[in-house]
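What the coordinates show
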Amino acid sequence: MAGGSDVAEATLSCAQCGKPAHLQCPKCVELKLPREDAAFCTQECFKASWSSHKLVHLKAKLSTLGTAEPLGDNWQYCLKKGQHRTPKLPHFDWTGTLRPYPISSMRSVPYHINQPDWAVDGIPKIEPNSDLQHVVEIKSPEQIERMRETCRIAREVLDAAARIVRPGVTTDEIDRVVHEATIAAGAYPSPLNYHFFPKSCCTSVNEVICHGIPDARKLEDGDIVNVDITVYFKGVHGDLNETFFVGNVDETSKQLVQCTYECLEKAISIVKPGVRFREIGEVINRHSSMSGFSVVKSYCGHGIGELFHCAPNIPHYGRNKAVGVMKAGQTFTIEPMINAGVWRDRMWPDGWTAVTADGKRSAQFEHTLLVTESGVEVLTARLPSSPDVFPWLKP
C-alpha cells in the first residue's frame, strides 16, 4: 500500500467503511485512477474489499482498448503448436483472405490462483491416462455444484469479451480482457499453455473453424469472430463459446451464425437420460443441411469436469458412430462448427488454427451441459446481464 499525502488523509474516506483514509491502493496509483475510490483506512479494510475493488482495475484497463503502442520485438508469429516463434510470416497456401499476425508474450497468472497440471510446462499429465477417457463419469452432487460455479464464471468472462467486440479491437486485446476477467474471478484460463497453446482463449475469425490464436490483427467491419472460453476453478473446468458480428455483416454470414446457434439449441433440446450420444449429430446435420451449410467432422464436443477433455466424444455430423447413452449426472459440451462451404478443414503453420478448406466462413456455438433426471441443465446459459448481441433473441 502506498501512503497518501497529508491533504488526502484529511479529505478522503475509506472505500470500505467510510472512516478517514490514510492508505491508497498501489494498483490504483499505478493506473492513475481517482483517489476517492482508492483510499482505505487500514490493511484490513483493503483486504476485505479486494474481491470487489479489483474490478475497478479491470474496468480501467478496458477503457484503454485501441490505444496499444506499436508492436515491439516480443511480438512474433507462432509455430509448432506454440513451442516456436518466428519474426517472418510463414509460407503457406492460405485458403482464404485471413492471415496470422504476430502474437504477444504469454500472460502470467498469480501464484495464488489454483492451476492445472499443464500450467508450467505445457504438458497435461493426468488427463491423457485417465480412465475417464473411456468411461463417462457420473458427477457427484458436490462436483456438480463446483461445475455450476465454474461455468457461471466462464459465462461472465465470455460476456466481458463480447462487450468489447467491435471494429478496430485486436483479438489480442480480447485475450487480455479474458485473461484479466478470469484472474479477477480467482480462476485460471484453461487454454493457457494447454499443450503449449500460447493464449488464454481462442479467437476464430471468418474462415477459422476453431482454435484461432489471439494476435495483433484488428477486427474489421464485416468480420465474424468466435470467442472460446474455458476457465478452471475449484478443480473443475467450464467451457463455452459464441460467434459475434463485427459491425455490419453480410446476409450470408448472418444466416450462417444464426443457423449455428439454432443447431446448438436443437441439439440441447433432445438431451435427457436414455438418448444416444449419436443422435446429437443427426439433429445438427439435419438443421444445417436445410440451410445449405455443412458440418465440420474433424472436431467434436467432449466430456468435461475435473478433466478439460474426456469421454464422451460428441460428433456433430450425421451417421456418426458415437457410443453410449446419456445418464443423469453426466457433463459434456455440444459445440457445432458449421461452414458456409465444404466441411473439410486445413491446419495453419501454427499447428492450432483450423480453417475451412475453401476459405469460406465458419461459425460455432458451445455450452457445457448437465444431464438431469428430467432433462438437461445448461450450466453456461446466458444471464439476464449478458449483452444483447444476437438479433434473433430480441423480442
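Further up the page is the structure itself.
Rules used in this analysis
- Residues numbered from 1 in each chain as written.
- Predicted model: local features only at pLDDT ≥ 70, side-chain atom pairs only at ≥ 80, totals over all residues.
- Heavy atoms only, no water.
- Helix = DSSP H or I, 4+ residues; strand = E, 2+ residues; numbered from the N terminus.
- Rg over C-alpha atoms; globule rule 2.2 N^0.38 Å.
- Buried < 20%, exposed > 50% of the residue type's maximum accessible area, 1.4 Å probe, protein only.
- Contact = heavy atoms within 4.5 Å.
- Salt bridge = Lys/Arg side-chain N within 4 Å of Asp/Glu carboxyl O.
- Pairing = 2+ DSSP bridges.
- Core = buried A, V, L, I, M, F, W, Y, C linked by side-chain atoms within 4.5 Å.

A few words now on the overall build of the protein chain. Broken down by element type, the protein chain carries eight helices and 20 strands. Taken against the 2.2 N^0.38 rule, which gives 21 Å for 395 residues, the C-alpha radius of gyration of the protein chain at 22 Å falls within 12% of a compact globule. Counting only C-alpha atoms and orienting by the principal axes, one finds that the protein chain spans roughly 75 × 50 × 45 Å. Across the 395 residues in the protein chain, those meeting the buried criterion constitute 54%. Here the contacts in the protein chain between residues at least 6 apart in sequence split such that 71% fall between residues at least 24 apart.

Our next topic: the environment of Glu242. Position of Glu242 among the secondary structure elements: in strand β10 (residues 236–245). Accessibility expressed as a relative area gives 3% for Glu242, which makes it buried. Sequence-wise, Glu242 and Val227 are 15 residues apart; in three dimensions their C-alpha atoms are separated by 5.9 Å. Beyond its immediate chain neighbours, meaning those up to four positions away, Glu242 contacts Arg155, Leu158, Val225, Asn226, Val227, Gln364, Phe365, Arg382 and Phe390.

What follows deals with the pattern of salt bridges. Summed over the entire model, instances satisfying the criterion amount to 18 salt bridges. Notably, a salt bridge pairs Arg107 with Asp172, separated by 3.1 Å at the nearest N-O pair. Linking Arg107 in the loop between β5 (84–86) and α4 (126–129) with Asp172 in helix α6 (residues 171–184), this pair joins segments that are 65 residues apart in sequence. Side by side, Arg107 and Asp172 carry an identical accessibility label, which is buried. For Arg155, the salt bridge goes to Glu242, with nearest N and O atoms at 3.0 Å. With a gap of 87 residues between them, Arg155 in helix α5 (residues 141–162) and Glu242 in strand β10 connect regions that are remote in the sequence. Across the pair, exposure class does not vary: Arg155 and Glu242 are buried alike. What you see here is one network of salt bridges that share partners, running through Arg107, Asp172, Asp175 and Lys199.

Another aspect to go through is unusual backbone geometry. Put simply, Ala311 and Pro312 share a cis peptide bond, and its omega is 5 degrees. Residue placement: Pro312 occurs in strand β13 (residues 310–314). Located in the positive-phi region is Lys80, a residue other than glycine, with phi close to 50 degrees. Its location among the elements puts Lys80 in the loop between β4 (77–79) and β5. Given a relative accessible area of 59%, Lys80 falls into the exposed group. The residue His211 is not glycine, and still its phi comes out positive at about 65 degrees. Topologically, His211 is positioned in the loop between β8 (208–210) and β9 (224–233).

The strand order across the open sheet built from three strands is β11-β15-β18, with neighbouring strands paired in antiparallel fashion. Each of the sheet's edge strands pairs with one partner strand only, and the pair in question is β11 (294–295) and β18 (362–364). Across two bridges, the pairing between β11 and strand β15 (residues 337–339) is antiparallel. Note on β15: the bridge partner recorded for Val295 is Ile338.

Counting 60 residues, the largest nonpolar core has Ile174, Val227, Ile229, Phe332 and Ile334 as the members making the most contacts within it. Looking at which element gives the most residues to this core, the answer is helix α7 (residues 251–268), with eight residues. Counting residues in each nonpolar core, the second largest holds 10 residues, with Trp118, Ala119, Leu192 and Phe308 among its members.

It is worth spelling out the pairing of β9 at this point. Counting buried positions along β9 yields 10 of 10 residues, so the element is predominantly enclosed. The alternating pattern of β9 places Ile224, Asn226, Asp228, Thr230 and Tyr232 on one face and Val225, Val227, Ile229, Val231 and Phe233 on the opposite face, and all of these are buried. Examined bridge by bridge, strand β6 (residues 188–189) and β9 share two bridges and lie antiparallel to one another. Its bridge partner being in β9, Tyr188 is matched across the sheet by Tyr232. One ladder, built from 10 bridges, connects β9 with β10; its direction is antiparallel. Bridge pairing links Phe233 to Val236 in β10.

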